[in-house]
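Remarks on the overall topology
Spelled out from the first residue to the last, the chains are:
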Amino acid sequence: MINVDMKEKFRPQYHFSPESNWMNDPNGMVYYAGEYHLFYQHHPYGTTWGPMHWGHAVSKDLIHWDHHPIALAPDEHGDIFSGSVVVDWNDSTGFFKGASGLVAIFTHADQYPNSDRPRQRQSLAYSTDRGRTWIKYEGNPILAEESITDFRDPKVFWHEETHKWIMILAAGNHVRFYASHNLKSWEFASEFGSQSGSHAGVWECPDIFKLPVVGVENTSKWVMIVSIGNDSAYIEGSRTQYFIGQFDGISFTNENSDDTVLWLDYGRDNYAGVTWSDISHEDGRRIFIGWMSNWKYANETPTVGWRSAVTLPRELTLKETSDGIRLIQIPVAELEKIRREKRSWNQLFIEPGKHVSLDVSGEQSEIIAEFELESATEFGIKIRKSDSEETIIGYDAVNEFLFINRINSGVTKFNEYFPCLHGASLKAENNRIKLHILVDSSSVEIFANNGQVVITDLIFPDPKSTGIELYTTNKKVKLASLVIVQLASIF
């Protein structure tokens, strides 16, 4: 349970963060016995990356989290890198005496003997008490490929059509698939990606799952998510791409050309995200969460005593668009649990030189704005604003470009790559742009046009910078509707 001060400067008030010290990748998300589990890469003895453990938290609603003791700690096989957790419903492992239980599949990381070369192997642990304690399998490690140095981050799922467990894991510049009947013994099935998508960094933290295409009868596609590590040649740093295609239990077929790159998020701070396993069929959602940081500056962000947070959980769907089938993201419906005071405006005209400052606090807020394009070439919303600070969420109507500008967002000088302007192409729909914005103490998440384009960025404003302002640069724009909801702290 939470037993420390969670109101420090920059501490997120409705996003999950560790009680103390370092966190990075979310791991092992699984739903079991009415609880959502979130494990995460954790260094419990420092606020920068170090010997990796699995931290652990549990929620009943994806919003309020109870912190639990460390689940997995380093041992004779190495540190505990990323991985996944599944429910072994039919006791295929034999760990649970005919009942069901949780099985973690993760990467053990150390070095080859008498060498500086990293060694990464896959291992198991299991829990018979709903994830409260974990027993490491005596046969660890269960999978190794000595010829591959970067060999990590297994995501495992049950493939109903072939009645096998399938593992996807990252292997340098591609992913590899393995199959198993018992989670202990694995056979190589196929590989994908060495010539596909973006290779602006090592591939990490893959995930794969099947989704129906909304509004298209009897049509489903497989979605593969792959994160890309930081490469000094690219200013964007670490980020996440996805592929759409088919998976037959052996191999994945990409339905787009190899040079097609689909970004999951166009911000700087959504990395290593994966989805929850074993959400019930009655619920039916595919829920994603990512690490809100970037390896360009993750070890340098200006927090004290703790470092990093995760995105708000998001529901993923597929939709047919003018560009083809694309991944759509929206905040989970459970967000309504912390919605408080709401204010609304309609039919406002914003004119150049007459920016509209709203008499409402934007420190922890949900903003839903729908702009109707008039003659303005650039317009938008300034959040966490004061006389000296502002984060600009703008739309360039000429170039059809949605952007965020955090150059003057607050504390920015800790790393040269942090202050920046970036964004994504976004076309108006029915001559309108809709922005759904979530603002917390040190982050902003933008879901544009009902989740077709998403931008996630860290910001570090002064706590007193809470203003919200509407602006246009030259000609007027019409704000068809605006709703601002105050969000309560989860603490």
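The structure presented is a predicted model; accordingly, all values stated were derived computationally and were not measured. (Residues numbered from 1 in each chain as written. Predicted model: local features only at pLDDT ≥ 70, side-chain atom pairs only at ≥ 80, totals over all residues. Heavy atoms only, no water.)

What about the side chain of Lys296?
- Positionally, Lys296 belongs in the loop between β19 (286–291) and β20 (306–307).
- One buried charged side chain, Lys296, makes no salt bridge at all; its nearest oppositely charged neighbour is Asp231, positioned 6.7 Å away.
- A polar atom in the side chain of Lys296 sits 3.0 Å from the backbone oxygen of Tyr234. (Helix = DSSP H or I, 4+ residues; strand = E, 2+ residues; numbered from the N terminus. Buried < 20%, exposed > 50% of the residue type's maximum accessible area, 1.4 Å probe, protein only. Lys, Arg positive; Asp, Glu negative; His and termini not counted. Salt bridge = Lys/Arg side-chain N within 4 Å of Asp/Glu carboxyl O. Polar contact = N/O pair within 3.5 Å; in protein donor to acceptor, adjacent residues only side chain to side chain.)

Considerations on the packing of aromatic side chains
- Here the structure, examined in full by the defined rule, presents 36 aromatic pairs.
- Centroid distance Trp203 to Phe243: 5.8 Å. Interplanar angle 40°. Geometry classified as tilted. With Trp203 in strand β13 (residues 203–214) and Phe243 in strand β15 (residues 239–247), this pair connects stretches of sequence that are 40 residues apart.
- When the ring of Phe418 is compared with that of Phe460, the centres are 5.7 Å apart and the planes differ by 40°; the resulting orientation is tilted. In this pair, Phe418 sits in the loop between β28 (401–405) and β29 (421–425) while Phe460 sits in the loop between β32 (453–458) and β33 (467–472), placing the two residues 42 residues apart along the sequence.
- A relative accessible area of 0% places Phe418 in the buried class.
- Taking relative accessible area as the criterion, Phe460 reaches 3% and is therefore assigned buried.
- Three or more aromatic residues joined by ring pairs make a cluster, and in this case those are Phe16, Tyr31, Tyr36, Tyr40, Trp65 and Trp276.
- Sitting over the ring of Tyr417, Lys296 keeps its end group 4.3 Å from the ring centre.
- The lysine or arginine in question, Lys382, covers the ring of Tyr471, its NZ or CZ lying 5.1 Å from the ring centre. (Phe/Tyr/Trp six-rings, centres within 6.5 Å; stacked < 30°, edge-to-face > 60°. Lys NZ or Arg CZ within 6 Å of the ring centre and 35° of its normal.)

So, the pairing of β13
- Extensive coverage of β13 is indicated by the burial of 9 of its 12 residues.
- Taken together, β13 and the strand that follows it, strand β14 (residues 220–228), pair antiparallel across an intervening segment of 5 residues, in which Gly215 is found at a positive phi of about 85°.
- Relative to strand β21 (residues 314–321), β13 is paired through 2 bridges, and the arrangement is parallel. Within the sheet, the bridge partner assigned to Val214 lies in β21 and is Lys319. (Pairing = 2+ DSSP bridges.)

Overview of the pairing of strand β1 (residues 21–32)
- Taking burial as the measure, the 12 residues of β1 include 11 buried ones, the bulk of the element.
- Two strands pair when backbone bridges link them, and β1 and β20 are joined in this way by 2 bridges, in the parallel orientation. Bridge pairing in β20 places Trp22 opposite Arg307.
- Here β1 pairs with strand β2 (residues 35–43) via 7 bridges, running antiparallel. Bridging across to β2, Tyr32 finds its partner in Glu35.
- Between β1 and β2, which follow one another and run antiparallel, lie 2 residues, and Ala33 among them has a positive phi close to 50°.

The quantities given are spatial measurements derived from coordinates; they are silent on function.
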